[in-house]
Amino acid sequence: MDPTAMTAVIVAAALVCRAAVLELREPGTGRRAWAFVTDRRALGTGATLAVLLGVVGWGAVGGTAVVWACLVGVVVASLTAERRPPGG
């Protein structure tokens, strides 16, 4: 595996581990951290950005850019998700 792609996979794993540690410290925070996967607007925004970055990146540097584009799409989706108060 290309070292650049491996770096993206490590970053993704770190985000998942962070959510798991937060869940262990305070139950419910993990569910709130990953609640963006049920927000259609956030997923649409993230997917659109991932596709655009993937297409542009594929043309510029090759397949490794697709891995990074997917990671960026997930981060953007989580940042643009509608935040709900705890317990709500």
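Residues numbered from 1 in each chain as written. Predicted model: local features only at pLDDT ≥ 70, side-chain atom pairs only at ≥ 80, totals over all residues. Heavy atoms only, no water.

S.K.: Describe the packing of aromatic side chains, listing the residues and the values that go with them.
M.R.: Under the criterion given, the structure shown has one aromatic pair. On the basis of an interplanar angle of 35° and a centroid distance of 5.5 Å, the ring pair of W34 and F36 is categorised as tilted. The class for W34 is partly exposed, based on a relative accessible area of 34%. (Phe/Tyr/Trp six-rings, centres within 6.5 Å; stacked < 30°, edge-to-face > 60°. Buried < 20%, exposed > 50% of the residue type's maximum accessible area, 1.4 Å probe, protein only.)

S.K.: Pulling in residues and values, what's your account of helix α3 (residues 40-61)?
M.R.: For α3, which comprises 22 residues, the first-to-last C-alpha distance of 30 Å matches the rise-based estimate of 32 Å (1.5 Å per residue) to within 8%. A42, G46, A50, G54 and G57 are the residues of α3 that are buried. Down the axis, α3 shows its buried residues gathered within 90° of arc, on one side only. Opposite the buried face of α3, by more than 90 degrees, sit the exposed residues R40, R41, V51, L52, V55, V56 and G59. (Helix = DSSP H or I, 4+ residues; strand = E, 2+ residues; numbered from the N terminus. Expected span 1.5 Å × (residues − 1). Arc of directions from axis to C-beta.)

S.K.: Mind laying out the pattern of salt bridges, listing which residues take part and the relevant values?
M.R.: Two side chains bearing opposite charge may form a pair once their charged atoms approach each other closely. If you walk through the whole model with that rule in mind, you get two salt bridges. A salt bridge links R31 to E23; its shortest N-O distance comes to 3.7 Å. By relative accessible area, which is 58% here, R31 ends up exposed. In this structure, R32 and E26 form a salt bridge, with 3.7 Å as the shortest nitrogen-oxygen distance. With relative accessibility at 30%, the residue R32 sits in the partly exposed group. Looking at E26, the relative accessible area reads 46%, which means it is partly exposed. (Salt bridge = Lys/Arg side-chain N within 4 Å of Asp/Glu carboxyl O.)

S.K.: Run through helix α1 (residues 3-25), naming residues and quoting values.
M.R.: A rise of 1.5 Å per residue sets the reference length of α1, with its 23 residues, at 33 Å; its end C-alpha atoms lie 33 Å apart and thus fit the reference within 8%. Within α1 the residues assigned to the buried category are A5, A8 and A19.

S.K.: I'd like a description of the packing of α1 against helix α4 (residues 64-80), backed by residues and values.
M.R.: Interhelical geometry of α1 versus α4 gives an angle of 20° and a closest axis separation of 8 Å. Judged by the inter-axis angle, α1 sits roughly parallel to α4. In the packing of α1 onto α4, the handedness of the crossing is left-handed. Residues T4, A5, T7, A8, V11, A12 and L15 of α1 touch α4, and the partners they reach there are T64, V67, W68, L71 and V75. In the contact of α1 with α4, the residues fall into nine nonpolar, three polar and no charged. (Axes fitted to C-alpha atoms, helices over the stretch in contact; angles between N-to-C directions. Parallel < 35°, antiparallel > 145°, perpendicular 65-115°, else oblique. Left-handed = near helix turned anticlockwise from the far one by under 90°. Contact = heavy atoms within 4.5 Å. Nonpolar A, V, L, I, M, F, W, Y, C, P; charged D, E, K, R; others polar.)

Everything listed here is a matter of geometry and, on its own, says nothing about what the molecule does.
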